[in-house]
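Structural features, examined
What follows is each chain in one-letter form.
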Amino acid sequence: WKYFAPAYEGRACIRLLQRDPDLDGIGRDLDEGVRLDPGFYRVRFLRFYLMLQKKDHLRALAEVNELIRLRPRLASIHLARGYIRRRFLNDIPGAFADFRAAMKHDPECLLAYVNVAILLNATGKTDEAIREFNRALLINDRYALAYYHRASVLRQAKRPDEALAD
């Protein structure tokens, strides 16, 4: 029966694209896809995304934990869990750990560097935050998000000339 799981994934994707998507119906499709094939990564990722849309952050966290169990070396999943922990659960140490794990699994994961820098700045470690932004920009010197956030941190640190340069 696991071969039918992609059909439920496909129907859920089509429903997501509708103007006013039926989130409960999408959830039922994704639940059925997971029931048919518990290891089907894409269905679980869509279910994680749906939980975020429904503002069910604890279920989203549970889903992303299962995704990490299935694909522990995938940086994007560690980023997703770090985002949930930082944005919705105020779990700063957990978010740091997830963003660092993303960097470990993908040393060029720019969003991980930016998120670590944002957390460092939020915890009062301005110079360390600027160093993380600089690391991201060493990987990609056109990464606008790093410039934007670094300029914001520099402005807060009363370093307006450097902030304007960004």
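Notes on the structure follow.

Cut-off values and rules
Residues numbered from 1 in each chain as written. Predicted model: local features only at pLDDT ≥ 70, side-chain atom pairs only at ≥ 80, totals over all residues. Heavy atoms only, no water. Helix = DSSP H or I, 4+ residues; strand = E, 2+ residues; numbered from the N terminus. Buried < 20%, exposed > 50% of the residue type's maximum accessible area, 1.4 Å probe, protein only. Contact = heavy atoms within 4.5 Å. Areas by Shrake-Rupley, 256 points an atom, 1.4 Å probe, with all protein chains shown as cover. Lys, Arg positive; Asp, Glu negative; His and termini not counted. Charge placed at Lys NZ, Arg CZ, Asp CG, Glu CD. Expected span 1.5 Å × (residues − 1). Phe/Tyr/Trp six-rings, centres within 6.5 Å; stacked < 30°, edge-to-face > 60°. Lys NZ or Arg CZ within 6 Å of the ring centre and 35° of its normal. Salt bridge = Lys/Arg side-chain N within 4 Å of Asp/Glu carboxyl O.

1. Overview of the overall build of the protein chain
Secondary structure assignment for the protein chain yields 10 helices and zero strands. For the protein chain, the succession of helices and strands along the chain, N to C, is α-α-α-α-α-α-α-α-α-α. Counting all 166 residues of the protein chain, 43% fall into the buried class. Contacts spanning at least 24 positions in sequence make up 44% of the contacts within the protein chain whose residues lie at least 6 apart. Surface summary for the protein chain: the accessible area is close to 9,800 Å², and the carbon and sulfur share equals 52%. Taking the 29 positively charged and 22 negatively charged side chains of the protein chain as two groups, their mean positions are separated by 2 Å.

2. Quick look at helix α5 (residues 75–87)
When the terminal C-alpha atoms of α5 are compared, their 18 Å separation across 13 residues agrees well with the 18 Å that a helix rising 1.5 Å per residue should span. Among all positions in α5, only Ala75, Ile77, His78, Leu79, Ala80, Arg81, Gly82, Ile84 and Arg85 are buried. Structurally, α5 contributes buried residues whose contacts are with α3 (41–53), α4 (57–70), α6 (92–105) and α7 (110–122).

3. Describing the packing of aromatic side chains
Per the stated rule, a full pass over the model turns up three aromatic pairs. A ring pair is formed by Tyr83 and Phe88, whose centres lie 5.6 Å apart and whose planes are at 90°; its orientation type is edge-to-face. A residue is classified by how much of its surface remains accessible, and Tyr83, at 32% relative accessible area, is partly exposed. By the ring-pair criterion, three or more aromatic residues cluster together here, those being Tyr41, Phe45 and Phe48. The ring of Tyr41 has Arg71 sitting right over it, with the charged end atom 4.3 Å from the ring centre.

4. Section: helix α1 (residues 5–16)
In this model α1 runs 17 Å from its N-terminal to its C-terminal C-alpha over 12 residues, within 8% of the 16 Å that 1.5 Å per residue would give. For α1, the secondary structure elements touched by its buried residues are α2 (23–36) and α3.

5. Some remarks on the pattern of salt bridges
Between side chains of opposite charge, pairing is possible as soon as their charged atoms come close. Scanning the model with the defined rule gives 17 salt bridges in all. Here Glu9 makes a salt bridge to Arg42, at a shortest N to O gap of 2.8 Å. Of the two residues, Glu9 sits in helix α1 while Arg42 sits in helix α3, which places them 33 residues apart along the sequence. Glu9 sits in the buried class, given a relative accessible area of 10%. Of the residues examined, Arg42 reaches a relative accessible area of 45% and is grouped as partly exposed. Linked through salt bridges whose partners overlap, the residues forming this network are Asp31, Arg44, Arg47 and Glu63.

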